[in-house]
Amino acid sequence: MNDKQKLLLVEDDPSFGAVLKDYLAINDFDVTHAVDGEDGLSKFKSSEYDLCILDVMMPKKDGFTLGKEIKDLKNEQPIIFLTAKNMRDDVLNGYKIGADDYITKPFDSEILLHKIRAVLQRHSADEEKFEQDEFKIGKFHFNAKLRQLQIGSISHKLSPKESELLRLLAVYRNDLMPREVALTRIWHDDNYFTSRSMDVYIAKLRKYLKDDSNVEIVNIHGEGFRLLVSE
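In this report, the structure presented in the accompanying data block is examined. The structure displayed is predicted, hence computed values, not measured ones.

Quick notes on the rules
- Residues numbered from 1 in each chain as written.
- Predicted model: local features only at pLDDT ≥ 70, side-chain atom pairs only at ≥ 80, totals over all residues.
- Heavy atoms only, no water.
- Pairing = 2+ DSSP bridges.
- Helix = DSSP H or I, 4+ residues; strand = E, 2+ residues; numbered from the N terminus.
- Buried < 20%, exposed > 50% of the residue type's maximum accessible area, 1.4 Å probe, protein only.
- Core = buried A, V, L, I, M, F, W, Y, C linked by side-chain atoms within 4.5 Å.
- Contact = heavy atoms within 4.5 Å.
- Polar contact = N/O pair within 3.5 Å; in protein donor to acceptor, adjacent residues only side chain to side chain.
- Expected span 1.5 Å × (residues − 1).
- Arc of directions from axis to C-beta.
- Phe/Tyr/Trp six-rings, centres within 6.5 Å; stacked < 30°, edge-to-face > 60°.
- Lys NZ or Arg CZ within 6 Å of the ring centre and 35° of its normal.

Some details on the pairing of strand β9 (residues 154–157)
Thought 1: Where strand β8 (residues 148–151) lies against β9, four bridges are found, and the strand directions are antiparallel. Within the sheet, the bridge partner assigned to Gln-148 lies in β9 and is Lys-157.

Remarks on unusual backbone geometry
Thought 1: In this chain, Lys-105 is followed by Pro-106 through a cis amide linkage whose omega measures -10 degrees.
Thought 2: Structurally, Pro-106 is set in the loop between β5 (101–104) and α5 (109–130).
Thought 3: We note that Asp-28 has phi near 80 degrees; this positive angle belongs to a residue other than glycine.
Thought 4: Structurally, Asp-28 can be placed in the loop between α1 (14–26) and β2 (30–34).
Thought 5: Its identity is not glycine, yet Arg-147 carries a phi of approximately 60 degrees, on the positive side.
Thought 6: Position of Arg-147 relative to the elements: it lies in the loop between β7 (140–143) and β8.

Some words on the environment of His-114
Thought 1: With respect to the helices and strands, His-114 occurs in helix α5.
Thought 2: By relative accessible area, His-114 is classed as exposed at 57%.

Description of the nonpolar core
Thought 1: Counting 33 residues, the largest nonpolar core has Ile-137, Leu-165, Leu-169 and Leu-227 as its most contacted members.
Thought 2: For this core, the elements supplying multiple residues, two or more each, are β6 (134–137), β7, β8, α6 (160–171), α7 (179–187), α8 (192–209), β11 (215–220) and β12 (224–229).
Thought 3: Residues contacting Leu-227, with those up to four places away along its chain left out, are Ile-137, Leu-169, Ala-170, Arg-173, Asn-174, Asp-175, Leu-209, Val-215, Glu-216 and Ile-217.
Thought 4: Counting 18 residues, the second-largest nonpolar core is a separate cluster that includes Leu-8, Val-56, Phe-64 and Tyr-102.

So, the side chain of Arg-167
Thought 1: Looking at the element boundaries, Arg-167 is found in helix α6.
Thought 2: There is a polar contact of 3.1 Å between the side chain of Arg-167 and the side chain of Asp-133.
Thought 3: With residues up to four places along the chain from it excluded, the contact list for Arg-167 reads Phe-130, Glu-131, Gln-132, Asp-133, Phe-135, Phe-142 and Ala-144.

Some thoughts on α1
Thought 1: Between its first and last C-alpha atoms α1 spans 18 Å; for 13 residues at 1.5 Å apiece the expected length is 18 Å, and the two agree.
Thought 2: Of all the residues in α1, the buried ones are Gly-17, Leu-20 and Leu-24. Down the axis of α1, the buried side of the element spans an arc of 70 degrees, and every buried residue falls inside it. More than 90 degrees from the buried face of α1, the exposed residues found are Pro-14, Val-19 and Ile-26.

Thoughts on the packing of aromatic side chains
Thought 1: Overall, the coordinates contain six aromatic pairs when judged by the stated rule.
Thought 2: Arranged with centres 5.0 Å apart and planes meeting at 75 degrees, the rings of Phe-64 and Phe-81 form a pair that is edge-to-face. One end of the pair, Phe-64, is in helix α3 (residues 63–73); the other, Phe-81, is in strand β4 (residues 79–83), and 17 residues separate them in sequence.
Thought 3: Judged by its relative accessible area of 9%, Phe-64 falls in the buried class.
Thought 4: Between Phe-135 and Phe-142 the ring centres are 6.0 Å apart and the planes differ by 20 degrees, which places this aromatic pair in the stacked class.
Thought 5: Cluster of aromatic residues (ring-pair linked, three or more members): Phe-64, Phe-81 and Tyr-102.
Thought 6: The cationic tip of Lys-6 hangs over the ring face of Tyr-49; the distance from NZ or CZ to the ring centre is 5.2 Å.
Thought 7: In this structure, Lys-204 is placed above the aromatic ring of Tyr-201, and the distance from its NZ or CZ to the ring centre is 4.9 Å.

All we've got here are geometric facts, nothing functional implied.
Structure follows, in structure tokens:
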């Protein structure tokens, strides 16, 4: 059984890519090397990766385009961009796409290794939050695993999507739950129809939560929702 963390390295320079792949493998990562943007997208679709490392300047498909396509498929996918450029606009573009970090060639391999481990650790902590099963929401007790929302003697059995949506709202409690996070994690797509579907589920959750006046779901127009709990 392979329990090594999996990295997708997309780098068009064959010698540099081979050296970097070997270096990361020596440091206990399972590395898949893709030679251009199209190859990278194909390999991303065919497996699951803990982190993608994308060169920016590549033939067929540049790293920014590939990064955006990867984020469209899996919004929470961690990405580090590699580039020979050090242009401010390029750095900003990378972060707008959703990059976790950005490193300019030539770079110290140990610094890249440190950045990789920091990003993986951060995302691992985030995933643990999303896997929490039990929450206290005002006067409610919510068990996401059992899909049960209870207040006093009243108990509601939630549908799978209702439960997952309430779990996300509870994780982001009193903070903004971005619309795209819920759509990609629960519906695995972010389009008009899934967005309208989510609005229907939000309305259902509001009905369940109306028994506690200190709990409400607030719509932040164009951004997402907040589960507000007044103690």
